[in-house]
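Summary of the model geometry
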Amino acid sequence: MSTREIAYNIIDCMSEEQLSAFVALFGNAADVPNEETLEAMREADRIAHDPNVKGYTDIDELMRDLLS
């Protein structure tokens, strides 16, 4: 029997209360970012902390640079 089949058998034996707790505990497991998203997050973090990357605190200045 596969691990997936064992898990399904365990879930099938759970009460509604146990299932609610299971969903509360593992319901966000699908929200784990994939490798591409993780790499994008790492890149954003590198950019945010790189003193050589220009940043903006003024939207008008940002728009001027974007449109130039």
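Since the structure is predicted, the reported quantities are computational estimates derived from the model, not experimental observations. (Residues numbered from 1 in each chain as written. Predicted model: local features only at pLDDT ≥ 70, side-chain atom pairs only at ≥ 80, totals over all residues. Heavy atoms only, no water.)

**A short note on the overall build of the chain**
To keep it simple, the criterion reads: Secondary structure elements follow DSSP: runs of H or I of four or more residues count as helices, runs of E of two or more count as strands, with numbering from the N terminus. Radius of gyration: over C-alpha atoms. The globule rule applied is 2.2 Å multiplied by the number of residues raised to the 0.38 power. Using a 1.4 Å probe on the protein chains alone, a residue whose accessible area is under 20% of its type maximum counts as buried, one over 50% counts as exposed, and one in between counts as partly exposed. The accessible surface values rely on the Shrake-Rupley method and a 1.4 Å probe; as for residues, cover is taken only from the protein chains in view. The convention is simple: Lys and Arg are positive, Asp and Glu are negative, and His and the chain ends are not counted. By convention, charge coordinates are those of NZ in Lys, CZ in Arg, CG in Asp, or CD in Glu.
When helices and strands are counted, the chain shows four helices and zero strands. Each helix (α) and strand (β) of the chain, taken in turn from the N terminus, gives the series α-α-α-α. Since a compact globule built from 68 residues should have a radius of gyration of about 11 Å, the 23 Å found for the chain marks it as more spread out than a globular shape. Considering only C-alpha atoms, the chain reaches an extent of 65 × 25 × 20 Å along its principal axes. Across the 68 residues in the chain, those meeting the buried criterion constitute 0%. A total accessible area of about 6,300 Å² is found for the chain, and carbon and sulfur atoms account for 58% of it. Between the mean site of the 5 positive side-chain charges and the mean site of the 15 negative ones, the chain shows a separation of 9 Å.

**Comments concerning the packing of aromatic side chains**
In plain terms, the rule: Centre distance within 6.5 Å is the pairing criterion for rings of Phe, Tyr and Trp, where only the six-membered ring of Trp is used; planes under 30 degrees apart are then read as stacked, over 60 as edge-to-face, and the remainder as tilted.
Tallying each qualifying case throughout the model produces one aromatic pair. Relative to Phe 26, the ring of Phe 22 has its centre 5.0 Å away and its plane inclined at 45 degrees; by these criteria the two rings are tilted. You can see Phe 22 and its partner Phe 26 sitting in helix H2 (residues 16–26), four residues apart, about one turn around the helix.

**With respect to the pattern of salt bridges**
To keep it simple, the criterion reads: Whenever a carboxyl oxygen of Asp or Glu lies within 4 Å of a side-chain nitrogen of Lys or Arg, that contact is scored as a salt bridge.
Tallied over the full model, the rule gives five salt bridges. In this structure, the salt-bridge partner of Arg 42 is Glu 35, at a minimum N-O distance of 2.5 Å. Accessibility expressed as a relative area gives 52% for Glu 35, which makes it exposed. Judged by its relative accessible area of 36%, Arg 42 is partly exposed. Salt bridges here are not isolated pairs; linked through shared partners, they connect Glu 35, Glu 39, Arg 42 and Arg 46.

**A word on the confidence of the model for the chain**
Heads up, the rule is: Confidence of the predictor at the level of single residues is given by pLDDT, which spans 0 to 100.
In the predicted model, the chain carries a mean pLDDT of 91, and the fraction of residues at 70 or more is 100%. Per-element confidence in the chain is highest for helix H4 (residues 59–67), whose mean pLDDT is 96, and lowest for H2, whose mean pLDDT is 90.

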